[in-house]
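Analysis of the macromolecular model
One letter stands for each residue in the lines below.
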Amino acid sequence: MPLPRPGRATVPRLLLAPILALMVAAVASAGPASAEPLTVRPQTIADRKAVFATVESVDVLAARARLSGTVRDLTVDEGDAVTNGQRLALVVDEKLAPQMQALESQLNAQQATVDQARTDLRRARELRSQGAAPQSRLDSARTALEVAERQLDSLRSEMDVLRQQVSEGEVLAPAAGRVLEVMISDGSVVLPGEPIARVATERFILRLRLPERHARFIETGDSVRVGPRGLGLETGDVSADDWRTGTIVKVYPELRNGRVIADVRVDDLGGYFVGERALVDIVTGQRTAYVVPPDYVSTRFGVTSVCLEGRRVVIVQTGARVPGGIEVLSGLRPGDVLMPVQCGAIAGGAESDADADADAGEGHS
């Protein structure tokens, strides 16, 4: 007679079937009453992909010098917050000061000429009223005054031009935002139109750059999920609340280097660095699959199974979790009716144990 295998009790085959039937009936009666059979039908689910987007400002403006000269009184540095119209630096053209002094002397001299012309006109009027001077003298004095006043107005206009040039030496912030880069330092010589600093406005977006095969799946108004900032994703310390929802606000019509570019609007991006990368979960297509709620799937000893109508256990291959349950890659057909998970778990395990015990019993016979 063969010896029994160590570590496993031998049960007579006649007693094995009633015991297994009682176990299945007890567990089935203990299952939730709310569980109902589920008919398998194919569903359309979205293919999602995790990509990286960069934080960028909607507008990056350059503060430029409007005249040539030497930079004085640079008041900002990288990272400083500035307001619209704030003075960032002062460009001084040393030639303007002597020009203004010379023009001011001309103004003073011309003002004296105007005063003398007015005096001559007043005397000519008095002499003409007394009949001591001809009319031509009065007309000549009136003309001399008008010429002197016109010359005075011309000099004043030239002075206004010089003052405007001096005021244009102030380099002003083109918009409220944050200074990204300062390109000069005190004492630098600049030319008209040369950039002094780059200012990023306070409106930030996430910019996606995706392969062109995804272009047909991206539309304005689509929602995306934005991951948390920092290393939370790498450490695994991320919860569902850490993800935020964003909206695609613009899809650019031009492909660049084989990639489609899209802008995503997300709240509270002001704390990010410009150029910082953020993880974005987007929809890149659709496909047909079988989705089963977790309550209808059982896993024992590394084998995943479901229980069909009639307590038939079927081994299935599952995929990732999707909205609504778990994707089943193989093992099911349209129209299959699934029973609650308890049936599949115990029945599958019972059948496995029954086969193993039967083999053991045969070995002991």
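Preceding this section is the structure that the text describes.
Observations concerning the overall build of the chain
Looking only at helices and strands, the chain has 5 helices and 21 strands in total. Taken over 365 residues, the chain has a buried fraction of 35%. Considering only residue pairs separated by 6 or more positions, the chain has 75% of its internal contacts joining residues 24 or more positions apart. Counting every atom, the chain has about 22,100 Å² of accessible surface; 51% of that belongs to carbon and sulfur.

Looking at the pattern of salt bridges
In the structure shown here, the tally under the stated rule is 16 salt bridges. Measuring nitrogen to oxygen at the nearest pair gives 3.2 Å for the salt bridge that ties D139 to R142. One end of the pair is D139 and the other is R142, both in helix α3 (residues 135–167) and 3 residues apart, which spans about a single turn. Residue classification places R142 among the partly exposed residues on the basis of a relative accessible area of 31%. Of the charged contacts, one joins R198 and E181 as a salt bridge, the two residues approaching to 3.3 Å between their closest N and O atoms. Remark: E181 occurs in strand β8 (residues 177–182) and R198 occurs in strand β10 (residues 195–201); sequence separation between them is 17 residues.

A closer look at the nonpolar core
One finds V82, L88, V91, V179 and V190 to be the most contacted residues of the largest nonpolar core, which totals 33 residues. Excluding anything up to four places from it in sequence, V179 contacts V76, D77, E78, G79, D80, V82, A197, R198 and V199. The next biggest cluster of nonpolar side chains, apart from the first, holds 20 residues, and it includes L208, A262, Y272 and I282.

Here's the deal with the pairing of strand β2 (residues 43–57)
Judged from the 12 bridges that link them, β2 and strand β15 (residues 277–292) form a sheet pairing that is antiparallel. Considered in β15, the bridge of A50 is made with D281. As paired elements, β2 and strand β11 (residues 204–211) share 4 bridges and run antiparallel to each other. Looking at the pairing, S57 lines up with F204 of β11.

Here's the deal with the sheet that holds strand β4 (residues 69–72)
The antiparallel open sheet is built from 4 strands, whose spatial order is β7-β6-β4-β9. The open sheet has two edge strands with one neighbour each: β7 (170–172) and β9 (189–190). When β4 meets strand β6 (residues 87–92), the two strands line up antiparallel, connected through 3 bridges. Bridged to T70 within β6 is V92.

A short note on α3
The first and last C-alpha atoms of α3 sit 48 Å apart over 33 residues, in line with the 48 Å expected at 1.5 Å per residue. All of the buried residues along α3 are L138, A141, L145, A148, L152, L155, M159 and L162. Contact partners of the buried residues in α3: α2 (96–130).

Some points on unusual backbone geometry
Peptide bonds are trans in most cases, and residues, glycine excluded, mostly fall at negative phi. Within the chain, D73 stands out as a residue other than glycine whose phi angle is a positive 60 degrees. Relative to the helices and strands, D73 is located in the loop between β4 and β5 (81–82). Residue D73 is classed as partly exposed on the basis of its relative accessible area, which comes to 37%. The phi torsion at N257 lies on the positive side, around 55 degrees, for a residue other than glycine. Here N257 lies in the loop between β13 (244–251) and β14 (259–265). Classification of N257 as exposed rests on a relative accessible area of 81%.

Some details on the environment of P174
Turning to its location among the elements, P174 is positioned in the loop between β7 and β8. On a C-alpha basis, the gap between P174 and R87 in space is 9.8 Å, while along the polypeptide they are 87 residues apart. Leaving out residues up to four positions away in the same chain, P174 has contacts with L61, A62, A63, N84 and V199.

Remarks on the packing of α2 against α3
For the pair α2 and α3, interaxial distance at closest approach is 8 Å and the crossing angle is 160 degrees. By the angle between their axes, α2 is roughly antiparallel relative to α3. At the point where α2 passes α3, the crossing takes the left-handed sense. Among the residues forming the contact of α2 with α3, the class breakdown is 19 nonpolar, 8 polar and 11 charged.

Brief notes about the pairing of strand β17 (residues 303–308)
Summarising burial for β17: 5 of the 6 residues are buried, a large majority. By the bridge criterion, 3 bridges tie strand β16 (residues 298–300) to β17 in an arrangement that is antiparallel. Directly across from T299, in β17, lies its bridge partner T304. Counted between consecutive antiparallel strands, the loop separating β16 from β17 contains 2 residues, among which F301 sits at a positive phi close to 55 degrees. Strand direction decides the pairing type here: β17 and strand β18 (residues 312–315), joined by 4 bridges, are antiparallel. Each residue of the ladder has a partner; that of V306, found in β18, is V314. Counting the residues that bridge the hairpin from β17 to β18 gives 3 residues, and of these G310 lies at a positive phi of roughly 90 degrees.

The rules behind these values
Residues numbered from 1 in each chain as written. Predicted model: local features only at pLDDT ≥ 70, side-chain atom pairs only at ≥ 80, totals over all residues. Heavy atoms only, no water. Helix = DSSP H or I, 4+ residues; strand = E, 2+ residues; numbered from the N terminus. Buried < 20%, exposed > 50% of the residue type's maximum accessible area, 1.4 Å probe, protein only. Contact = heavy atoms within 4.5 Å. Areas by Shrake-Rupley, 256 points an atom, 1.4 Å probe, with all protein chains shown as cover. Salt bridge = Lys/Arg side-chain N within 4 Å of Asp/Glu carboxyl O. Core = buried A, V, L, I, M, F, W, Y, C linked by side-chain atoms within 4.5 Å. Pairing = 2+ DSSP bridges. Expected span 1.5 Å × (residues − 1). Axes fitted to C-alpha atoms, helices over the stretch in contact; angles between N-to-C directions. Parallel < 35°, antiparallel > 145°, perpendicular 65-115°, else oblique. Left-handed = near helix turned anticlockwise from the far one by under 90°. Nonpolar A, V, L, I, M, F, W, Y, C, P; charged D, E, K, R; others polar.

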